[in-house]
Amino acid sequence: MANHNGFILLHEDGQTIPAMACETCGEIIKDYRQAGVVWNREDEPRSRVTVLCKTNHCLSKPPYKDKPWQELRDYMVFMAHNTGLKTEADIRGTWESAKGI
Ligand SMILES: [Zn+2]
C-alpha cells in the first residue's frame, strides 16, 4: 500500500497541481474514468474510500475486487457537488481559476 490516501500534489515548473494516485501501485491517475474508489459496507455510516487504478488492474484484484465501488470521475463530480458550488457561475469561476494551475 502506498503511503498516501490517493490525494497528491505534483510540483512541475514551479506549479503545484492537485492530482490523484492509485493507493496500491502509485500510478498517477491521468484519466479519471480509468480509476475508481472502493469502500467497505461494514464501515457504514462512515467509510474510508481507497483510490485504485484500472490501468494496472488494482481495482479488480483482491482484496478489492468484490467491494462496492464508483468510477473516480463520478466520485469527484459528486464531491464537487458537495463543496458548496451552487450555481453555474460558481462552477465557472472555480473552473477558470483551475485552468491557471
Ligand atoms: Zn494501481
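On a predicted model such as this, the values are computed, not experimentally measured, just so you know.

### Digging into the overall build of the chain
Looking only at helices and strands, one finds 2 helices and 5 strands in the chain. Listed by position from the N terminus, the elements making up the chain come as β-β-β-β-β-α-α. Counting every position in the chain, which comprises 101 residues, the buried fraction comes to 21%. Considering only contacts within the chain whose residues lie at least 6 apart along the sequence, 44% involve residues at least 24 apart. Put simply, the chain shows about 7,300 Å² of open surface, and 54% of that area lies on carbon and sulfur atoms. Between the averaged position of the 13 positive side-chain charges in the chain and that of its 14 negative side-chain charges there is a distance of 3 Å.

### Some thoughts on the coordination of the zinc ion
Coordination sphere of the zinc ion, protein contribution only: Cys22 (SG), Cys25 (SG), Cys53 (SG) and Cys58 (SG), at 2.3 to 2.4 Å. Relative to the metal, the 4 donor atoms surrounding the zinc ion lie at angles of 106 to 115°, and the coordination shape comes out tetrahedral. In primary sequence terms, the donor set of the zinc ion follows C-x2-C-x27-C-x4-C. With a gap of 36 residues between them, Cys22 in the loop between β2 (15-20) and β3 (35-38) and Cys58 in the loop between β4 (50-53) and β5 (69-71) connect regions that are remote in the sequence. A single burial state applies to Cys22 and to Cys58, both of which are buried.

### Thoughts on the pattern of salt bridges
Per the stated rule, a full pass over the model turns up 6 salt bridges. Glu23 serves as the salt-bridge partner of Arg48, at 2.8 Å between the closest nitrogen and oxygen. Of this pair, Arg48 sits in the loop between β3 and β4 while Glu23 sits in the loop between β2 and β3, and the two are 25 residues apart along the sequence. The partner of Lys99 in a salt bridge is Glu96, with the nearest N and O atoms 3.2 Å apart. Separated by 3 residues within a single helix, Lys99 and Glu96 lie in helix α2 (residues 88-99), roughly one turn from each other. Note on Lys99: relative accessible area 54%, which makes it exposed. A cluster of three or more residues bridged by salt bridges with shared partners is formed by Lys54, Glu71 and Arg73.

Conventions we followed
- One numbering rule holds for all chains: residues counted from 1, following each sequence as written.
- In keeping with the model being predicted, local features are shown solely for residues with a pLDDT of at least 70 and side-chain atom pairs are shown and tallied solely at 80 or more, while totals for entire chains, interfaces and linings include all residues.
- Side-chain figures throughout are based on the complete set of non-hydrogen atoms in the structure, without hydrogens or water.
- Strands here mean DSSP runs of E at least two residues long; helices mean DSSP runs of H or I at least four residues long; both are numbered from the N terminus.
- Each residue gets one of three labels from its accessible area relative to the maximum for its type: buried under 20%, exposed over 50%, partly exposed in between, using a 1.4 Å probe on protein chains only.
- We call two residues in contact whenever any of their non-hydrogen atoms come within 4.5 Å of each other.
- Areas reported here follow the Shrake-Rupley algorithm with a probe of radius 1.4 Å; residue values treat only the protein chains shown as occluding.
- The charged-residue count follows a simple rule in which Lys and Arg add positive charge and Asp and Glu add negative charge, with His and chain termini not counted at all.
- Taken as the charge location is NZ of Lys, CZ of Arg, CG of Asp or CD of Glu.
- Each metal site lists N, O and S donors within 2.8 Å (3.2 Å for Na, K and Ca). With water left out of the atoms, a site can look as if it is missing ligands.
- Geometry is assigned from the angles between donors: four donors with all angles from 85 to 135 degrees make a tetrahedral site, four or six donors whose opposite pairs exceed 155 degrees while the rest stay between 65 and 115 make square planar or octahedral sites respectively, and everything else is labelled irregular.
- Salt bridge, as used here: a side-chain nitrogen of Lys or Arg that lies within 4 Å of a carboxyl oxygen of Asp or Glu.

Distances and angles like these do not, on their own, reveal function.
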